[in-house]
Amino acid sequence: MTRIATPRKPRARSQARIDSILDAARTLLAAEGVASLSIYSVAERAGIPPSSVYHFFASVPALLEALTADVHAAFRACLQAPIDHAALNHWHDLSRLVEQRMLMIYSDDAAARQLILAQHGLTEVTQADRQHDLELSDLMHKLFDRHFALPALPDDVDVFALAMELGDRVYARSVQQHGQITPRMAEEGMRVFDAYLGLYLPPYLPKRSD
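Analysis parameters
Residues numbered from 1 in each chain as written. Predicted model: local features only at pLDDT ≥ 70, side-chain atom pairs only at ≥ 80, totals over all residues. Heavy atoms only, no water. Salt bridge = Lys/Arg side-chain N within 4 Å of Asp/Glu carboxyl O. Helix = DSSP H or I, 4+ residues; strand = E, 2+ residues; numbered from the N terminus. Buried < 20%, exposed > 50% of the residue type's maximum accessible area, 1.4 Å probe, protein only. Axes fitted to C-alpha atoms, helices over the stretch in contact; angles between N-to-C directions. Parallel < 35°, antiparallel > 145°, perpendicular 65-115°, else oblique. Contact = heavy atoms within 4.5 Å. Nonpolar A, V, L, I, M, F, W, Y, C, P; charged D, E, K, R; others polar. UniProt positions renumbered as here; feature names shortened; annotations may be inferred. Left-handed = near helix turned anticlockwise from the far one by under 90°. Phe/Tyr/Trp six-rings, centres within 6.5 Å; stacked < 30°, edge-to-face > 60°.

The name that an unreviewed UniProt entry assigns to the chain is TetR/AcrR family transcriptional regulator, with the source organism given as Pseudomonas marvdashtae.

So, in C-alpha cells, the structure goes:
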C-alpha cells in the first residue's frame, strides 16, 4: 500500500528563521508599503544574509503570500472565537460583531491593510487573498447557521464571500484616501456588508434554541 507523503513541519531553528523573516517583512510593509519591499531589504531588517531569505522564499510575492496567510489566520481565529448566543437578538447583531472583529484586525495590523486593502497590483497576492476568502466564507456561513436558521442560499453565488469583498471595497477606499479605515467608513463598510446579506437573509431569522 503506497503511503502519501505529508508535508513536514519546519524544524525549530528553521521556523525561528522563517518567523524572523516574516516579522521583518511585516515591519517594512507597514512602514513603507509593498512597492519598497525586496528580499535584500527584508534580509537587512532581519539581520541575515539575503541567501537565507531566498532559501525559504524564492521571491517577494512568495513572501507576501505567506504574510497574507498569516493575516487570514487571524481572520479565521476571530470567526472561531466564542460568541455569547444569548446576547444575539437578530442576525444583524452577529454580522456587526463579526465585522467589528475584522475591523479590529485591520486597525491593529498596518501590514494587513497594505496586503488586503491597498492597491499593489500583485496577482499572486490577490489570488491568495481570494482563495482565503472562500475559506472565511465557509466559516462565516457555518457561524451564521449555528446561531440562526438560514434560508436556502444560491449555489452559484457565494453570498458571504461577496459580502466580505464588498465591505472590503469600502475599507480599501478609506485606506487609499486616508491611510486608515476611518470610523465613518468603517460604519459604511458594515452597512454595505449588512445590505448585501439582506438581499438573501430575510429581516427576521429564527434564532437557534441553543
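Undergrad: What is the right way to look at the pattern of salt bridges in this model?
TA: Close approach of charged atoms lets side chains of opposite charge pair. A complete count under the given rule lists eight salt bridges for this structure. In this structure, Lys 142 and Asp 138 form a salt bridge, with 3.1 Å as the shortest nitrogen-oxygen distance. Of this pair, Lys 142 and Asp 138 both sit in helix H7 (residues 123-147), four residues apart, roughly one helical turn. Looking at Asp 138, the relative accessible area reads 38%, which means it is partly exposed. The partner of Glu 165 in a salt bridge is Arg 169, and the shortest N-O contact between them spans 3.6 Å.

Undergrad: Explanation requested: the packing of helix H1 (residues 12-32) against helix H4 (residues 60-80) in the structure shown.
TA: The geometry of a pair of packed helices is captured by two quantities: the angle between their axes and the separation between those axes. The contact between H1 and H4 brings their axes to 10 Å, and the two run at 90 degrees. With respect to their mutual orientation, H1 and H4 come out roughly perpendicular. Here Ile 21, Leu 22, Ala 25, Arg 26 and Leu 29 of H1 lie close against H4, whose contacting residues are Leu 63, Leu 64, Ala 66, Leu 67, Asp 70 and Val 71. Of the residues assigned to the contact of H1 with H4, the class counts are nine nonpolar, no polar and two charged.

Undergrad: What should I look at first to understand the UniProt feature "DNA-binding region" (unreviewed entry) in the chain in this one?
TA: Per the UniProt record, "DNA-binding region" (unreviewed entry) is found at residues 38-57. End C-alpha atoms of residues 38-57 are separated by 11 Å, and the span's content is 75% helix alongside 0% strand.

Undergrad: Would you mind showing me how to read the packing of helix H5 (residues 91-108) against helix H8 (residues 159-178) here?
TA: Packing of H5 against H8 leaves a shortest axis separation of 13 Å and a crossing angle of 45 degrees. Between H5 and H8, the interaxial angle falls into the category oblique. Of the two elements, H5 crosses H8, and the hand of that crossing is right-handed. Contacts between H5 and H8 pair Glu 99, Met 102, Leu 103 and Tyr 106 from the former with Met 164, Asp 168 and Tyr 171 from the latter.

Undergrad: Whenever I open this one, the packing of aromatic side chains confuses me. Can you help?
TA: How two aromatic rings sit relative to each other is set out by the distance from centre to centre and by the angle between their planes. The full count for this structure, using the stated rule, is five aromatic pairs. Ring centres of Tyr 40 and Tyr 54 lie 6.4 Å apart, and the angle between their planes is 75 degrees; this geometry places the pair in the edge-to-face category. Linking Tyr 40 in helix H2 (residues 39-46) with Tyr 54 in helix H3 (residues 50-56), this pair joins segments that are 14 residues apart in sequence. The class for Tyr 40 is exposed, based on a relative accessible area of 53%. Classification of Tyr 54 by relative accessible area gives partly exposed; the value is 39%. Relative to Tyr 106, the ring of Phe 75 has its centre 5.3 Å away and its plane inclined at 70 degrees; by these criteria the two rings are edge-to-face. Separated by 31 residues along the polypeptide, Phe 75 in helix H4 and Tyr 106 in helix H5 bring together distant segments of the chain. Taken as a pair, Phe 75 and Tyr 106 share a single burial class, namely buried. In this structure an aromatic cluster arises from ring pairing among Phe 75, Tyr 106 and Tyr 171.

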